[in-house]
Amino acid sequence: MPTPHIRAERGQIADRVIMPGDPRRAERIATDYLEDAELVTDVRGILGFTGTWEGRRVTAMASGMGAPSITIYATELAREYGVRQIVRVGTCGGMSTDVAVRDVIIATGAHTDSTMTASRIPGVQFSHLADFSLARAAVEQAERMGGDAAIHAGAVFTSDHFYLDRPALTEALTAHGTLAVEMEAAALYAVGAAEKVRTLAVVTVSDHLVTGESMTADERETQFDAAARIALAL
Ligand code: ADE
C-alpha cells in the first residue's frame, strides 16, 4: 500500500486529516491534542501521526511548503488511503488592514499565482473554494469557542513566492477583498474538487505585509491553538 511519499499501511490513516505545513507542528498536534497517537509515516521527514481527538480518529500529517508539495500528499491521501476530509492548519501573512497578527482566517476561497490548477483545466480561471459545510462548521466552532483570537472568513491568496515583494499586487488583491497570503490553500482546494474530498484551510496570521508586525518564533509555536482546535472539531 505505501505510496511514493507515504509509508503507512491503508488502515493506519484516518479518514480525516489535519495538515500543518511543518512536520514539527504535526508532531506537536499529536503530542498536545491527540490520544494514543502513533507515528504512521515519516518519508522525507514528512511526519504523520494517527490518534483520537474526543473519541474520533484523526491523522495529523504535514504537507511541506507550497502547492506542489501539498498536492502530492493530499492526492495520495485521497486516492490511496480513502481520506475524505483534509483541513490545512498553518500560518499566513496579513494583507488587508482588516486583519491583525494572531487573528485566525477561515479561507473560504483562494486566488493564486500558481500554474498548477491552470494546467488541470487549460483555458479556465478555476475558482478554488473550500468545502461549504466545513467552512460553515469552522465558523460555528470558532463562535462556540469564543476566545481572544479574532476570526475572519474570506479569500486568501496562495502564492508560489514567499520573498516576492510586490506592494502593488498586495494593494490590488486587498482592493478585491483578499485577507492574507499563504502558499497551499488553492492547491488543496483543487485537489478537493478533483478527488471529491472535503477541504478547508484555517490559518493564523503570523506576520503582516502592510503593518510589518510579526509573531516571535515562540509565538509561532504557541499561538496556533485556536486554529488547531477549530480544525480538530470538524
Ligand atoms: N505564511 C506566513 N507568512 C507568509 C507570507 N508573508 N507569505 C507567504 N506565506 C506566508
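What you see as residue numbers is a count from 1 along each chain, following the sequence as written. It should be noted that, the model being predicted, local features are given only for residues of pLDDT at least 70 and side-chain atom pairs only at 80 or more, the latter also being counted only at that level, while totals for whole chains, interfaces and linings use all residues. Excluding hydrogens and water, the side-chain figures rest on all heavy atoms present in the structure.

Chemist: Looking at this structure, how should I read the layout of surface pockets?
Modeler: Approximately 880 Å³ is the volume attributed to the largest pocket. Method remark: on a 1 Å grid restricted to protein atoms, a set of points is classed as a cavity if a 1.4 Å probe fits but cannot get out and as a pocket if it is open with protein on both sides within 12 Å along at least five of seven lines; lining residues have an atom within 4 Å of a point. Taken together, 32 residues form the lining of the largest pocket, with Thr 91, Gly 93, Phe 162, Met 183 and Asp 207 sitting closest to its centre. The secondary structure listing takes helices from DSSP runs of H or I that are at least 4 residues long and strands from runs of E that are at least 2 residues long, numbered from the N terminus. For the lining of the largest pocket, the secondary-structure elements that each account for two or more residues are strand S5 (85–94), helix H4 (167–175), strand S9 (180–182), strand S10 (198–208) and helix H6 (217–222). The biggest single contributor to the lining of the largest pocket is S5, with five residues. A breakdown of the residues in the lining of the largest pocket according to their chemical character gives 13 nonpolar, eight polar and eleven charged. Space inside the second largest pocket adds up to approximately 230 Å³. Of all the elements, strand S6 (residues 104–112) adds the most residues to the lining of the second largest pocket, at three residues. Here the lining of the second largest pocket is built from residues that sort into five nonpolar, nine polar and no charged. Grid points are joined across faces, edges and corners, and a volume is the space filled by probe spheres set on the points. Side-chain classes follow a simple rule in which Ala, Val, Leu, Ile, Met, Phe, Trp, Tyr, Cys and Pro form the nonpolar group, Asp, Glu, Lys and Arg form the charged group, and the remainder, Gly included, forms the polar group.

Chemist: I'm lost on empty space enclosed by the protein in this one. Help?
Modeler: Over the atoms rolls a probe the size of a water molecule, and in doing so it shows where empty space is left. Across all of its chains, the model carries two cavities of 30 Å³ or more by this definition. As a volume, the largest cavity reaches approximately 40 Å³. If you go around the largest cavity, the residues you meet are Ala 67, Thr 112, Ser 114, Met 116, Thr 117, His 128, Thr 158, Ala 186 and Ala 187. Among the residues forming the lining of the largest cavity, the class breakdown is four nonpolar, five polar and no charged. Its volume calculated, the second largest cavity comes out at about 30 Å³. Around the second largest cavity, the lining residues are Arg 25, Thr 91, Thr 204, Met 215, Glu 219, Arg 220, Gln 223 and Phe 224.

Chemist: Looking at this model, I keep getting lost on the packing of aromatic side chains. Mind explaining?
Modeler: Centre-to-centre distance and the angle between the planes together describe a pair of aromatic rings. Pairing of aromatic rings covers Phe, Tyr and the six-membered ring of Trp, with a centre-to-centre limit of 6.5 Å; geometry is then stacked below 30 degrees between planes, edge-to-face above 60, and tilted otherwise. Counting across every chain of the model gives two aromatic pairs. Ring centres of Tyr 33 and Trp 53 lie 6.0 Å apart, and the angle between their planes is 70 degrees; this geometry places the pair in the edge-to-face category. Within this pair, whereas Tyr 33 is found in helix H1 (residues 23–33), its partner Trp 53 is found in strand S3 (residues 48–53), the two being separated by 20 residues in sequence. Ring centres 4.9 Å apart and planes at 75 degrees place the aromatic pair Phe 162 and Tyr 163 in the edge-to-face group. Burial classification: accessible surface area is computed with a 1.4 Å probe over protein chains only, and a residue below 20% of its type maximum counts as buried, one above 50% as exposed, and the rest as partly exposed. For Phe 162, a relative accessible area of 57% corresponds to the exposed category. Two conditions define a charge sitting above a ring: the NZ of Lys or the CZ of Arg must be within 6 Å of the ring centre, and it must be within 35 degrees of the ring normal. Sitting over the ring of Phe 224, Arg 25 keeps its end group 4.6 Å from the ring centre.

Chemist: So what exactly am I meant to see when it comes to the confidence of the model for the protein here?
Modeler: Caution is warranted with low-pLDDT regions, since their predicted coordinates should not be read in detail. Counting all residues, the mean pLDDT for the protein is 95, and 99% of those residues have values of 70 or more. Per the prediction output, this complex has pTM 0.96; the corresponding ipTM is 0.95. pLDDT expresses how confident the predictor is about each individual residue, on a scale running from 0 to 100.

Chemist: Got a minute to help me understand the site of the ligand in this structure?
Modeler: The ligand sits among Thr 91, Cys 92, Gly 93, Phe 162, Val 181, Glu 182, Met 183, Ser 206, Asp 207 and Leu 209. Taking Gly 93, its main chain carries an N or O atom lying 3.3 Å from a nitrogen atom of the ligand. Separating a nitrogen atom of the ligand from a side-chain N or O atom of Asp 207 is a distance of 2.7 Å. In the complex, the protein chains occlude 90% of the 260 Å² of accessible area that the ligand would expose alone. Those elements that place two or more of their residues in the shell around the ligand are S5, S9 and S10. Among the elements that line the shell around the ligand, the one with the most residues is S5, at three residues. A per-class count over the shell around the ligand returns five nonpolar, three polar and two charged. Proximity criterion: a residue is near a molecule or strand once any of its heavy atoms comes within 4 Å of it. As used in this structure description, the phrase polar contact means that two N or O atoms lie within 3.5 Å; if the pair is within protein, one of them must be able to donate a hydrogen and the other to accept it, and residues adjacent in sequence are counted only when both atoms belong to side chains. Computed with a 1.4 Å probe, the accessible areas rest on the Shrake-Rupley method; for each residue, only the protein chains presented here act as cover.

Chemist: Teacher, can you tell me more about the packing of helix H2 (residues 67–81) against helix H5 (residues 185–195) here?
Modeler: Helix-helix packing: each pair is described by the crossing angle between the helix axes and the interaxial distance. At their nearest, the axes of H2 and H5 sit 9 Å apart, and the two run at 25 degrees to each other. With respect to H5, the element H2 is oriented roughly parallel. Note that H2 runs across H5; the crossing there is right-handed. Counted together, Ala 67, Ile 70, Thr 71, Ala 74, Thr 75, Ala 78 and Arg 79 of H2 and Ala 187, Leu 188, Val 191 and Glu 195 of H5 form the full contact between these two elements. For helices, the fitted line uses only the C-alpha atoms of the stretch in contact; every axis is such a line through C-alpha atoms, and the angle between N-to-C directions lies from 0 to 180 degrees. The cut-offs work like this: below 35 degrees is roughly parallel, past 145 is roughly antiparallel, 65 to 115 is roughly perpendicular, and the gaps in between are oblique. Left-handed describes a crossing whose near helix is turned anticlockwise from the far helix by less than a right angle; the clockwise case is right-handed. Pairs of residues are marked as contacts when any of their non-hydrogen atoms sit within 4.5 Å.

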